[in-house]
Amino acid sequence: MSALDQQLIPIFEEVLGRNPGEAEFHQAVREVLESLGPVVTKHPQYADSAVIRRLCEPERQIIFRVPWVTDSGKIEVNRGFRVEFNSALGPFKGGLRFHPSVNLGIVKFLGFEQIFKNSLTGLPIGGGKGGSDFDPKGRSDAEVMRFCQSFMTELYRHLGEYTDVPAGDIGVGGREIGFMFGQYKRITNRYESGTLTGKGLSWGGSQVRTEATGYGTVFFVDEMLKAAGDSFDGKRVVVSGSGNVAIYAIEKVHQLGGTVVACSDSGGYVVDPAGIDLALLKEIKNGQRGRISEYAARRGNDVAHVADGSIWDVPCDIALPCATQNELDLEGAGALISNGCRIVAEGANMPTTPNAARLLTEAAVRFAPAKAVNAGGVATSALEMQQNASRDSWTFAHTEERLAEIMRGIHDRCLETADEYGTPGSYVAGANIAGFTRVADAMLALGVI
Ligand code: NDP
Ligand code: 2IT
């Protein structure tokens, strides 16, 4: 770990003491604090006003029971969460994750990251996150619907277009947002489109929201390449995961002239040297909710499925971790470096362990953090809110251009801020400092909140 500035040590100790056992939350806080040394030195008002301590404490945390009935009549009980972390810049905004690993510490790490990510977009959105330890795998549509209805029966009272606006994340896509929006509408008797984002196109959704996180990730990397006088042309790319973010990252890499040679799910990875066949991947993953092993089986002899192993062993020029937290560890980073990888950009939230990030940076691999790279998803959610508020809907081309412009803006702000604070070229420092200062200045203006 890098050293913390003296002024920040007691703040981090307070976070550790107050939030025992929440390892991912500690990791996310420390990562931001490591960048803030030059900021508190240059601007004493941030330390004097305790704004960093206030930022580390969520405004509100909601934990609730979610009982539901399986198709066979069994009663299941899950736990639901919504952490409303910071609303200085706008209503709480951030996704819902349904995965068995979800607990309060995971939701808090995601909510904390979301504050700075949303701030970086320049749009009027605060930070929050939620979810449940419900596992949608192997559940029927009817079971998922009953779970979502029960989840929303509690959560609805905390939501609203000016209060808190959830969207999807791992395990939550268009199907789940539909079931939750339906239940919200039914309970409130109001068609409040702006209460959830990631909606379907015929019921208040925005063009490009489905594609936005993956496309935005690749737009960001394209800016990194352009800044070095380079392009995606002929680049070999490895993308972990095969969910929403991964699929649309692969699509955009292929559109820009690169080749994605490997992708994965929690059961292993596939290597397809000719380039991932996206139509087949979408059919398996989006159409049938199937496994990546089926991709290899259907593609034939040239495609290997590796069940036990690391996708980071596959040689590439650019690596895009797009599955989950801490999936790229020290060993993975070492393999990427040995194989000549030049860029690592985080499509998932906090997929790189701190040690791995350090090793990559020391080896002069250009490393860009999630809160900048994957901000295109939430930014397009904010564009969906704009369209809902004005009862308008934009074309695909217009929305995609807005997304590309936002990603260019985030990229440039990261580099300018890194220069300003004496860490030229550091996307990590630039993202953390630029994200922090916007939200901290708003908090200072609003009084002791
Ligand atoms: P999906 O549920 O669509 O896909 C998740 C993918 O990651 C699946 O391939 C899944 O494999 C794999 N995965 C999930 N958990 C694990 C695990 N513990 N170990 C190995 N593989 C795992 O989610 P998204 O694509 O939406 O999200 C991916 C990442 O991107 C997350 O970190 C999320 O927070 C982040 N993100 C998402 C945004 C969005 O708009 N959706 C916006 C910004 C960030 P399997 O099916 O086998 O579980
Ligand atoms: O991590 C994220 O930024 C998301 N899951 C998207 C959040 C959103 O509100 O669109």
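See above for the structure.
Attention in this report is confined to the structure presented alongside it.

What counts and what doesn't
Residues numbered from 1 in each chain as written. Chains lettered and ligands numbered in written order. Predicted model: local features only at pLDDT ≥ 70, side-chain atom pairs only at ≥ 80, totals over all residues. Heavy atoms only, no water. Helix = DSSP H or I, 4+ residues; strand = E, 2+ residues; numbered from the N terminus. Buried < 20%, exposed > 50% of the residue type's maximum accessible area, 1.4 Å probe, protein only. Areas by Shrake-Rupley, 256 points an atom, 1.4 Å probe, with all protein chains shown as cover. Lys, Arg positive; Asp, Glu negative; His and termini not counted. Charge placed at Lys NZ, Arg CZ, Asp CG, Glu CD. Polar contact = N/O pair within 3.5 Å; in protein donor to acceptor, adjacent residues only side chain to side chain. Contact = heavy atoms within 4.5 Å. Near = heavy atom within 4 Å. Nonpolar A, V, L, I, M, F, W, Y, C, P; charged D, E, K, R; others polar. Core = buried A, V, L, I, M, F, W, Y, C linked by side-chain atoms within 4.5 Å. Disulfide = S-S within 2.5 Å.

1. Some words on the overall build of the protein
Then, number 1: A count of helical and extended segments in the protein gives 18 helices and 12 strands.
Then, number 2: By residue count, 56% of the 449 residues in the protein fall in the buried class.
Then, number 3: For the protein, the exposed surface amounts to about 17400 Å²; the carbon and sulfur share of it is 50%.
Then, number 4: In the protein, which carries 44 positive and 54 negative side-chain charges, the distance between the mean positions of the two groups comes to 5 Å.

2. Observations concerning the side chain of Arg-97
Then, number 1: With respect to the element layout, Arg-97 can be found in strand E3 (residues 92-98).
Then, number 2: Given the relative accessible area of 4%, Arg-97 is considered buried.
Then, number 3: Looking at Arg-97, its side chain comes within polar contact range of the side chain of Asp-169, at 2.7 Å.
Then, number 4: A distance of 2.9 Å separates a polar atom in the side chain of Arg-97 from a polar atom in the side chain of Gln-325.
Then, number 5: If sequence neighbours within four positions are ignored, Arg-97 has contacts with Val-102, Ile-106, Leu-110, Gly-130, Gly-131, Ser-132, Asp-169, Ile-170, Val-172, Thr-324 and Gln-325.

3. Section: the site of ligand 1
Then, number 1: For ligand 1, the set of nearby residues contains 25 residues, the closest of which are Asp-169, Thr-213, Ser-266, Arg-291 and Asn-349.
Then, number 2: In this structure, Arg-97 approaches ligand 1 through a side-chain N or O atom, which is 2.9 Å from an oxygen atom.
Then, number 3: Between ligand 1 and Asp-169 there is a distance of 2.6 Å, counted from an oxygen atom to a side-chain nitrogen or oxygen.
Then, number 4: For ligand 1, the protein covers 82% of the area, taking 890 Å² as the surface of the free molecule.
Then, number 5: When contributions to the shell around ligand 1 are tallied by element, the ones reaching two or more residues are helix H9 (209-227), helix H10 (244-255) and strand E7 (259-265).
Then, number 6: Of the residues belonging to the shell around ligand 1, the class tally is five nonpolar, 13 polar and seven charged.

4. A short note on the nonpolar core
Then, number 1: Of all hydrophobic cores here, the largest spans 59 residues; its most connected members are Phe-220, Leu-281, Tyr-295, Leu-320 and Ile-410.
Then, number 2: Looking at this core element by element, the count peaks at eight residues for H9.
Then, number 3: Contacts of Phe-220, omitting those with residues within four sequence positions, involve Ala-368, Ala-372, Val-373, Met-407, Ile-410, His-411 and Tyr-427.
Then, number 4: Judged by nonpolar contacts, the second largest core, of 41 residues, contains Phe-12, Phe-81, Ala-88 and Met-350.

5. Regarding the state of the cysteines
Then, number 1: Under the criterion given, the structure shown has zero disulfides.
Then, number 2: Here Cys-56 stays free of any disulfide, with the sulfur of Cys-414 as its closest cysteine sulfur at 20 Å.
Then, number 3: For Cys-56, a relative accessible area of 4% corresponds to the buried category.
Then, number 4: As a non-bridged cysteine, Cys-263 has Cys-322 as the owner of its nearest cysteine sulfur, 10 Å distant.

6. Thoughts on the site of ligand 2
Then, number 1: Close to ligand 2 lie 14 residues, the nearest being Lys-93, Lys-117, Lys-129, Asp-169 and Ser-381.
Then, number 2: In this structure, Lys-93 approaches ligand 2 through a side-chain N or O atom, which is 2.6 Å from an oxygen atom.
Then, number 3: The contact in question runs from a nitrogen atom of ligand 2 to an N or O atom on the backbone of Gly-168, over 3.1 Å.
Then, number 4: Here ligand 2 loses 94% of its free accessible area of 300 Å² to cover by the protein chains.
Then, number 5: The residue inventory of the shell around ligand 2, partitioned by class, reads two nonpolar, seven polar and five charged.

7. Some points on the environment of His-411
Then, number 1: Its place among the elements puts His-411 in helix H17 (residues 396-420).
Then, number 2: For the pair His-411 and Asp-222, spaced 189 residues apart in sequence, the C-alpha to C-alpha distance is 9.9 Å.
Then, number 3: When sequence neighbours within four positions are dropped, the list of residues in contact with His-411 reads Phe-220, Glu-223, Met-224, Ala-227 and Tyr-427.
Then, number 4: Only 2.8 Å separates the side chain of His-411 from the side chain of Tyr-427, close enough to count as a polar contact.

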